[in-house]
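# Breakdown of the fold
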Amino acid sequence: SPNLRQALEQQAQYNPDLIFGPIPQLDMGEMFPQRKFRPRSSSANWEGHALSKEEQVKYNEKMGYMGNIAE
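This is a predicted model, so every value here is computed, not measured. (Residues numbered from 1 in each chain as written. Predicted model: local features only at pLDDT ≥ 70, side-chain atom pairs only at ≥ 80, totals over all residues. Heavy atoms only, no water.)

## Details of the packing of aromatic side chains
This is how it is decided: Working definition: rings of Phe, Tyr and Trp (its six-membered ring) pair if their centres are within 6.5 Å, and the pair is stacked with planes under 30 degrees apart, edge-to-face with planes over 60 apart, and tilted otherwise. With a 1.4 Å probe rolled over the protein chains alone, any residue whose accessible area is under 20% of its type maximum counts as buried; one over 50% counts as exposed, and the rest are partly exposed.
One pass over the structure, following the stated rule, counts one aromatic pair. With a centroid separation of 6.4 Å and an interplanar angle of 70 degrees, the aromatic rings of Tyr-59 and Tyr-65 are classed as edge-to-face. Taking the relative accessible area as the measure of exposure, Tyr-59 reaches 44% and is therefore partly exposed.

## Structural notes on a nonpolar patch on the surface
Here is the rule we go by: What makes a patch is a set of residues exposed beyond 30% relative accessible area and free of salt bridges, joined within 9 Å when like-charged and within 5 Å when nonpolar (Val, Leu, Ile, Met, Phe, Trp, Tyr). Each accessible area is a Shrake-Rupley result for a 1.4 Å probe, and residues are judged covered by the shown protein chains and nothing else. Note on definitions: salt bridges are taken to be side-chain nitrogens of Lys or Arg within 4 Å of carboxyl oxygens of Asp or Glu.
On the surface, Tyr-14, Leu-18, Ile-19, Phe-20 and Met-66 cluster together to form a nonpolar patch covering roughly 560 Å² of accessible area. By relative accessible area, Met-66 is classed as partly exposed at 39%.

## Some words on the side chain of Asn-15
For clarity, the threshold we go by: Think of it this way: any DSSP run of H or I at least four residues long counts as a helix, any run of E at least two long counts as a strand, and we number them from the N terminus. Identification of polar contacts relies on pairs of N or O atoms within 3.5 Å, with a donor-acceptor requirement for protein atoms, meaning one able to donate a hydrogen and the other able to accept it, and with residues adjacent in sequence counted only if both atoms are side-chain atoms.
Counting through the fold element by element, Asn-15 comes out in the loop between α1 (2–11) and α2 (16–20). Engagement of the side chain of Asn-15 in a polar contact is seen with the backbone nitrogen of Asp-17, the distance being 2.8 Å.

## A look at the pattern of salt bridges
Should their charged atoms come close, side chains of opposite charge can pair. Going through the model one piece at a time under the given rule, you end up with one salt bridge. Across the pair Lys-58 and Glu-54 runs a salt bridge, and its minimum N-O distance is 3.2 Å. Of this pair, Lys-58 and Glu-54 both sit in helix α4 (residues 53–63), four residues apart, which is roughly one turn of that helix. Across the pair, exposure class does not vary: Lys-58 and Glu-54 are exposed alike.

Keep in mind these values describe shape, not function.
As structure tokens, then:
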């Protein structure tokens, strides 16, 4: 329906991070307590690879989001 299309188009401008918050880090041991996980090699360690505030702002602008979580 036209009303649904209009509502969906308006929602597309909202930054999901402002609604749901940032995605938390996944803890495999918490998800699968019955399994033991070996330490990951450096190629699988993404902790030091977070986006900078500038990268977040550029992405949000490119997506056309209203508001900015990085501000």
